[in-house]
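Now for the letters of each chain:
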Amino acid sequence: EESFFGLGDADIENIVELLHAGYDDALIERLHDLSPVEAAQLLSKIGEEDRDLLVGRYGAGLHPETFFELDTPIRDQILPRLAPLQVAAILSELES
């Protein structure tokens, strides 16, 4: 299903393919281009295993605002997997 706003299914499939193929540079560039809302869409729509892999490898590159766009269950799954400095950056963003 394609969306006029945000990420379409084809975009999400492409990002997951890059993740599995290990194309780090292309994936980092693609993630960098996502808005916080789009990154939250991505994290919400991919499976738990892919989400863990993505956050484990590239979570530091996600904008802190992304985490405010996530539904609570997904945010609760992701936050414990982040490094303390990442969590501190998210909290700092919340305070500002």
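The preceding data block contains the structure.
Nothing here was measured: the structure is a model prediction, and the numbers come from that model.

K.L.:
What exactly am I supposed to notice about the pattern of salt bridges here?
P.N.:
Note on pairing: side chains with opposite charge can pair once their charged atoms come close. As enumerated under the stated definition, the model contains two salt bridges in all. Here Asp52 makes a salt bridge to Arg81, at a shortest N to O gap of 2.8 Å. With Asp52 in helix α4 (residues 48-58) and Arg81 in the loop between α6 (72-78) and α7 (84-95), this pair connects stretches of sequence that are 29 residues apart. On the basis of relative accessibility, which here comes to 27%, the residue Asp52 falls in the partly exposed class. The class of Arg81 is partly exposed, set by a relative accessible area of 41%.

K.L.:
Before we go on, may I ask you to explain helix α1 (residues 9-21) in this structure?
P.N.:
Given 3.6 residues to a turn, an α-helix orients residues that are three or four positions apart in the same direction. Taking 1.5 Å of rise per residue, the 13 residues of α1 would be expected to cover 18 Å, and the 18 Å separating its terminal C-alpha atoms lies within 8% of that figure. Among all positions of α1, only Ile12, Ile15, Val16, Leu18 and Leu19 are buried. Down the axis of α1, the buried set is contained in an arc of 155°. They therefore lie on one face. Seen from the buried face of α1, the exposed residues on the opposite side, beyond 90 degrees, are Glu13, Glu17 and His20. In the core, the buried residues of α1 are packed alongside α2 (24-32), α3 (36-45) and α4. Gly22 sits one or two positions beyond α1 and adopts a positive phi of about 80°.

Rules used throughout
- Residues numbered from 1 in each chain as written.
- Predicted model: local features only at pLDDT ≥ 70, side-chain atom pairs only at ≥ 80, totals over all residues.
- Heavy atoms only, no water.
- Salt bridge = Lys/Arg side-chain N within 4 Å of Asp/Glu carboxyl O.
- Helix = DSSP H or I, 4+ residues; strand = E, 2+ residues; numbered from the N terminus.
- Buried < 20%, exposed > 50% of the residue type's maximum accessible area, 1.4 Å probe, protein only.
- Expected span 1.5 Å × (residues − 1).
- Arc of directions from axis to C-beta.
- Contact = heavy atoms within 4.5 Å.

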